[in-house]
Amino acid sequence: MRVVALFWLAVVTAFCQPAAPIAITHVTVINPGTSSVLPDRTVVVTGDRITSVSDGVKAQPPKNARVIDGTGQYLIPGLWDMHVHSAFGDWFPGGRDIILPLFIANGITGVRDMGGDVPVLVAWRKEIASGHVIGPRMVISGPMLDGYLPSGKLRFPSSIPVTTPADAIVAVDALKKQGVDFIKVQSAISHDAYLAAAAEAHKQGLPFVGHVPDKVRIREVVAAGQTSIEHLMGIFEGCSTAEDKFIQGQGTLKLLLATQDKQRCDSLIKLLAQNQTWQAPTLAWQRGGEFLDQRDLKHQPLDKYVPPYWRDVTWRRFSDEMMPDLLRDPLALRQDYFARNLQIVDAMHRAGVPFLAGTDSAPGVYILPGFSLHDELANFVEAGFTPMESLQTATSNPARFLGMQASMGSVESGKFADLVLLTANPLEDIRNSRKISAVLAHGRLFDRAAINQVLVRVEAAANAAR
C-alpha cells in the first residue's frame, strides 16, 4: 500500500503544478444538448475552464500551449454517472484509490453519489477539488432514509432508520446541517414517513430523489415532488390493474407482467412527462441483476480492478441475498421483463420524460465504476435512443437536472474544462464512447499514456486492498 500511496502522491503532485494552456486543434466538437456537430475546431483550455472554441483553420493556439492534434478525433463534454455509491460503509475498501480514478480513466468527470458516508465523501470532494486526489466532481446525498426489514435490520450501509414522520423530519434536518446536496429515499420507508421526508426536504430547499417505496404509489411520488425516480421503480406497478396487491406486498413478477394495462400506462407516462419527473433506469444493473444466475462471475475481464473483499465478501453476500427471489422466476419470464424495461424506457422517452444515465456502481455485482457507464449508454441505444440522445443522458441532461447548465454539459467557452477526446465517432456507434485518447478533468490532462498508468496503479491498489 505504501508503494501505491507514493505513486498517487507523485501523480497528483504533477497535476497540481501550474499548467500551460492546452489547445486541442482540428477536432470535431459534439455538443449533445444542442445536437450540434462542429468540425475542425480548436478548443483552448486555461486552468479549469474552456477559454475558447474557434474555427480550426483560423485559430492560433497560445504560444505556450500544449498542443494536441485532434485531427480525426471527437471531443465531447465530460460524462456523468448519475447513480453511484462510492463510500458505502465497509462494503468497498480502497474506494478512494480504485473507484475514483476508474471514473476518470473512463471519461466520467462527475457523479451523483446516491447514498454514502458524509465525512468520507466530503473529504474526498475537497481532495479532488484541490488536486490531491484523482476523481470526479461529486454531488452527494449522504445516508439514505430507509425503514427496517422484517429481520429488524437495515438492508444497506450508509442508511438512517426512519420509522415515523418525526424521524423523517429529524433525519432531513440533520443531513441539511451536514451539507448534503439532496435527500435520497430507499424502499422500506413507511408511507407517512416518506411524505414527511418529502415535505421537509422541500422546506429545507433540498431536492428529493430515490426509490418509489414499497408502500407508496408512483402517482403519490410525483405529487410529493420527487425529482428523480431510480431503477424504473413503481412504473410497472403503476401500469398494473393489480397495483393494490403490490402495495400490500402480495405481488409477483408473473402477476406484474400479466396485468399491464395500456390505458393506465399511457396516463402514467403522460403524468411523468408533464411533471418532468426524471428517470435513472440503471439498465446496466437491471440487466446484470435480472440475469445474475446466467453470468460467469469467475471469468470477468475487468476482475483485475476488483479487490478480493469486494468479490468474496460484499458481492457474494449481496448475490446470496438476491438469488432465492431471482430463481423463483423462470428465465423466460425475466427475459420478458427486461425486454419490457427497454420498451417502457423508449415509450417514456418518446413522450418527453427526461432521462439520466446511472449504473448503481459499485454495489451492482461487477458493475464496475466508469466502465459500466458506457454499458448504460449502449443500453439506451438498444432501448431506442439515438446515439446523440444517449450522450445527452450523461452530459447535457445531468447539467440541466443539477441546474448547472452555465458551467457544464457542453463544450463552450467559460464552461468547466471537463472533456473527453475520442478516437472514433460515438454518433456512428455509441460503443465508440469507450475509445478514449484523453480526458480533461478539472482542466487536468490525462492523455492515453497517463490513463493507462492510472489503470495499472488501480490494479495494484485492488490487489493491495484486502
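About the cut-offs
Residues numbered from 1 in each chain as written. Predicted model: local features only at pLDDT ≥ 70, side-chain atom pairs only at ≥ 80, totals over all residues. Heavy atoms only, no water. Helix = DSSP H or I, 4+ residues; strand = E, 2+ residues; numbered from the N terminus. Rg over C-alpha atoms; globule rule 2.2 N^0.38 Å. Buried < 20%, exposed > 50% of the residue type's maximum accessible area, 1.4 Å probe, protein only. Contact = heavy atoms within 4.5 Å. Areas by Shrake-Rupley, 256 points an atom, 1.4 Å probe, with all protein chains shown as cover. Lys, Arg positive; Asp, Glu negative; His and termini not counted. Charge placed at Lys NZ, Arg CZ, Asp CG, Glu CD. Polar contact = N/O pair within 3.5 Å; in protein donor to acceptor, adjacent residues only side chain to side chain. 1 Å grid on protein atoms, 1.4 Å probe; cavity = no way out; pocket = protein on both sides within 12 Å on 5 of 7 lines; lining within 4 Å. Points joined across faces, edges and corners; volume = space filled by probe spheres on them. Nonpolar A, V, L, I, M, F, W, Y, C, P; charged D, E, K, R; others polar. Core = buried A, V, L, I, M, F, W, Y, C linked by side-chain atoms within 4.5 Å. Pairing = 2+ DSSP bridges. Axes fitted to C-alpha atoms, helices over the stretch in contact; angles between N-to-C directions. Salt bridge = Lys/Arg side-chain N within 4 Å of Asp/Glu carboxyl O.

Details of the overall build of the chain
- Of regular secondary structure, the chain possesses 17 helices and 17 strands.
- The C-alpha radius of gyration of the chain comes to 22 Å, within 12% of the 23 Å expected for a compact globule of 466 residues.
- With respect to the three principal axes, the spread of C-alpha positions in the chain is 70 × 50 × 45 Å.
- For the chain, the proportion of its 466 residues judged to be buried stands at 57%.
- The contacts in the chain between residues at least 6 apart in sequence include a share of 74% that link residues at least 24 apart.
- Accessible surface, the chain as shown: approximately 18,600 Å² in total, 53% of it carbon and sulfur.
- For the chain, the distance from the average position of its 45 positive side-chain charges to the average position of its 46 negative side-chain charges is 3 Å.

Focus: the environment of R311
- The residue R311 is located in helix α12 (residues 308–327) in this model.
- Taking the C-alpha atoms as reference points, R311 and M138, 173 residues apart in sequence, are found 25 Å from one another.
- For R311, the residues in contact, after removing those within four places along its chain, are D303, V306, R316 and Y366.
- At 3.3 Å, the side chain of R311 and the side chain of D303 are in polar contact.

Some thoughts on empty space enclosed by the protein
- In this structure the tally under the stated criterion is two cavities of 30 Å³ or more.
- Looking at the largest cavity, its volume works out to about 70 Å³.
- Within the lining of the largest cavity, the residues separate by chemical class into five nonpolar, five polar and one charged.
- Estimated volume of the second largest cavity: approximately 30 Å³.
- I104, I128, V133, I134, G135, A441, H442, R444 and F446 are the residues that line the second largest cavity.
- Taken together, the residues of the lining of the second largest cavity break down into six nonpolar, two polar and one charged.

Remarks on the nonpolar core
- L145, I183, L272, I344 and M348 are the most contacted members of the largest nonpolar core, which has 118 residues in total.
- Sequence-distant contacts of I183, that is, excluding residues within four places in its chain, are made with L145, V172, L175, A201, L206, P207, F208 and V209.
- V29, V411, L421 and A438 belong to the second-largest nonpolar core, a separate cluster that totals 16 residues.

Brief notes about the layout of surface pockets
- Estimated volume of the second largest pocket: approximately 360 Å³.
- Surrounding the second largest pocket, 16 residues form its lining, R295, Q300, Y366, I367 and D375 being those nearest its centre.
- Counting residues per element, the lining of the second largest pocket draws most heavily on helix α14 (residues 371–383), at four residues.
- Broken down by class, the residue content of the lining of the second largest pocket amounts to eight nonpolar, four polar and four charged.

Concerning the sheet that holds strand β8 (residues 137–140)
- Read from one edge to the other, the open sheet built from three strands follows the order β6-β7-β8, with strand pairing classed as parallel. Because the sheet does not close on itself, it has two edges, and the strands there are β6 (79–84) and β8. In this sheet, neighbouring strand axes are inclined to one another by 15° on average, regardless of whether the strands run parallel or antiparallel.
- As paired elements, strand β7 (residues 108–113) and β8 share four bridges and run parallel to each other. For G110, the partnering residue across the bridge sits in β8 and is R137.
- Across the sheet, helix α2 (residues 95–105) is in contact with β6, β7 and β8; its angle to β7 comes to roughly 135°.

Observations concerning the pattern of salt bridges
- For the coordinates displayed, the defined rule picks out 20 salt bridges.
- For D244, the salt bridge identified is with R217, shortest N-O distance 2.8 Å. On the criterion of sequence distance, the pair formed by D244 in helix α8 (residues 243–247) and R217 in the loop between β12 (208–210) and α6 (218–223) is long-range, its members being 27 residues apart.
- A residue is classified by how much of its surface remains accessible, and D244, at 43% relative accessible area, is partly exposed.
- By relative accessible area, R217 is classed as partly exposed at 29%.
- Here E382 and R287 are joined by a salt bridge, their closest N and O atoms 2.6 Å apart. Of the two residues, E382 is situated in helix α14 and R287 in helix α11 (residues 283–290); the sequence distance between them amounts to 95 residues.

That's the geometry; what it means functionally is another story.
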